[in-house]
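Understanding the architecture of this molecule
Here's the letter readout for the chains.
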Amino acid sequence: MASRIISLGIGDTTQPIPEHILSGLVSSASKLGTKEGYSGYGAEQGMAELRKKIADKLYGGIIKDSEVFVSDGAKCDIMRVQQVFGSRVVTAVQDPSYPVYVDTSVMMGQTGNINPETKQYDNIVYMPCTDENNFFPDIENLPRADIVYFCSPNNPTGAAATKEQLEKLVKVCKERGSILVFDAAYAPFIRSEGVPKSIFEIEGAREVAMECNSFSKYAGFTGVRLGWTVVPDELTFADGSKVRDDFNRVMTTAFNGASNIVQGGGLACLDDEGLAEIDTLIDYYLENAKLLKEAMESIGYAVYGGTDAPYVFVKLPEGKSSWDTFSEILEKAQVVTIPGAGFGPGGEGYLRLSAFAPRDTVIEACSRLKETLG
């Protein structure tokens, strides 16, 4: 086996930032070296032009630009959301899910102790999402939570919720007085007809949901850092006060706004030329996902995701540990994967493969996986 270790692990982009988008970053940086173009502190909520462009180009006007809060990324915004809600709430998360939802809940003091047998924290509602329920929770039969975190397309499963599923989610949250935090960081990967890219495509969502998103996977901004959160005016606490006002307080108190240079890159992303470059990037990574999915299916595994998401979720044979399989593949094929158990107890028995590697690396990884596991 070749000596080079291949990573299909962390979801970090690898392709260069495209020319037009890069020009926005370069131009914004250059302006800082001129008297006419220099800018210091900006609005903590983001440049007005960028907020408007996000509302118009990415949401088609179904949200207001005043409801958009530009930030340094969705991951940071999840913690800011937690600061809004404080320590005296019960949180619900998909299981498996992006670990940040659980970890920030623990950091905020919302949880009790971890159960050594179930590996779950007290005071968190874990919503099972496996192939047995098509990766969508039976939320109506789960305990109520104050805050419900939901990611679609999902990390790690790659499942993209249908309109009917999201309608059910919004309906239950509305009936229970829960606030839905919708993570749409992988929305541009959706290619299937009729699959919503935003929770605000669902009727009634403005009254129950807020949405976090990011340019990280859109434009290769994982190291550049630029995201946004949408908090509708209609979203209120039980006392009628606006969630938006509290989120604005957190943003203006603990954040000085996203970099002026980076926001210039964000504006370029949303030009017609930038959007076309983003589509090309997304197509590249989806082709990688297709190759990985086909490779694992050819070996005989049941494989999920990889169609509307850059992640391929592989079901292991009965009784196979995800950590043991991770170690076996690393030792024999020198390919890094992610054990499903790393995303919560519901991920045990699965592996996640990331499609963000370069194409030649993905092709080599497929060859090694077939040789090792076939």
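Described below are features of the structure shown in this document. (Residues numbered from 1 in each chain as written. Predicted model: local features only at pLDDT ≥ 70, side-chain atom pairs only at ≥ 80, totals over all residues. Heavy atoms only, no water.)

1. Considering the side chain of Asn155
Rule in force here: Put simply, DSSP H or I for four residues or longer makes a helix, DSSP E for two residues or longer makes a strand, and each gets a number counted from the N terminus. In the analysis that follows, any N or O atom pair within 3.5 Å is treated as a polar contact, provided that within protein one partner can donate a hydrogen and the other can accept it, and provided that, for residues neighboring in sequence, both atoms belong to side chains. It only takes one pair of heavy atoms within 4.5 Å for two residues to be counted as in contact.
On the secondary structure map, Asn155 appears in the loop between β5 (147–151) and α5 (163–176). Within the structure, Asn155 has its side chain in polar contact with the side chain of Arg352 (distance 2.7 Å). If we skip the residues at most four places from it in the chain, Asn155 touches Ser97, Tyr98, Tyr186, Tyr311, Phe343 and Arg352.

2. Some points on the pattern of salt bridges
Applied cut-off: Every case where a carboxyl oxygen of Asp or Glu lies within 4 Å of a side-chain nitrogen of Lys or Arg is listed as a salt bridge. Relative accessibility decides the category of a residue: with a 1.4 Å probe and only protein chains considered, values under 20% of the type maximum give buried, values over 50% give exposed, and everything between is partly exposed.
For the structure shown, the criterion picks out 19 salt bridges. Across the salt bridge formed by Asp271 and Lys53, the nearest N and O atoms sit 2.4 Å from each other. Here the residue Asp271 occupies a position in the loop between α8 (260–269) and α9 (272–299), and Lys53 occupies one in helix α2 (residues 48–58), the gap between them amounting to 218 residues. Residue class for Lys53 comes out buried when judged on its relative accessible area of 17%. The salt bridge involving Asp146 is made with Arg144; its shortest N-O contact spans 2.8 Å. Classification of Asp146 as partly exposed rests on a relative accessible area of 22%. Under the relative-accessibility criterion, Arg144 is labelled partly exposed at 40%. A cluster of three or more residues bridged by salt bridges with shared partners is formed by Lys64, Asp233, Arg244 and Asp245.

3. Remarks on the sheet that holds strand β9 (residues 302–305)
Basically, it comes down to this: When DSSP finds two or more bridges between two strands, those strands count as paired.
Read across the sheet, four strands follow the order β9-β10-β13-β12 without closing on themselves; strand pairing throughout is antiparallel. Taken across any chain shown, the strands that pair with only one partner, and hence form the sheet edges, are β9 and β12 (338–339). With four bridges joining them, β9 and strand β10 (residues 311–315) adopt antiparallel strand pairing. The residue bridging Val303 from the neighbouring strand is Val314, located in β10.

4. Re the packing of helix α3 (residues 74–85) against helix α4 (residues 100–107)
The line we're drawing: For helices, the axis comes from a line fit to the C-alpha atoms of the stretch in contact; other axes are also lines fit to C-alpha atoms, and the angle between any two N-to-C directions lies between 0 and 180 degrees. Orientation is classified from the angle alone, with under 35 degrees giving roughly parallel, over 145 giving roughly antiparallel, 65 to 115 giving roughly perpendicular, and any other angle giving oblique. When the near helix sits turned anticlockwise from the far one by under a right angle, the crossing is termed left-handed; a clockwise turn instead gives a right-handed crossing. Gly is placed with the polar residues, together with every amino acid not listed as nonpolar (Ala, Val, Leu, Ile, Met, Phe, Trp, Tyr, Cys and Pro) or charged (Asp, Glu, Lys and Arg).
Two elements in contact, α3 and α4, have axes whose closest approach is 10 Å; the angle formed by their N-to-C orientations is 40°. Relative to α4, α3 is oriented oblique. Helix-helix and strand crossings are classified by hand; for α3 and α4 the assignment is right-handed. Mapping the contact onto sequence places Lys75, Ile78, Met79 and Gln82 in α3 and Val100, Tyr101, Thr104, Ser105 and Met107 in α4. For the contact of α3 with α4, a count of residues per class yields five nonpolar, three polar and one charged.

5. What to know about the pairing of strand β13 (residues 350–354)
Counting buried positions along β13 yields five of five residues, so the element is predominantly enclosed. Burial along β13 is two-sided: Tyr350, Arg352 and Ser354 and Leu351 and Leu353, pointing in opposite directions, are all buried. Both β10 and β13 contribute to a ladder of five bridges, which runs antiparallel. Directly across from Tyr311, in β13, lies its bridge partner Ser354. In this structure, β12 lies alongside β13, joined through two bridges in antiparallel fashion. Following the sheet pairing, Pro339 is matched in β13 by Leu351.

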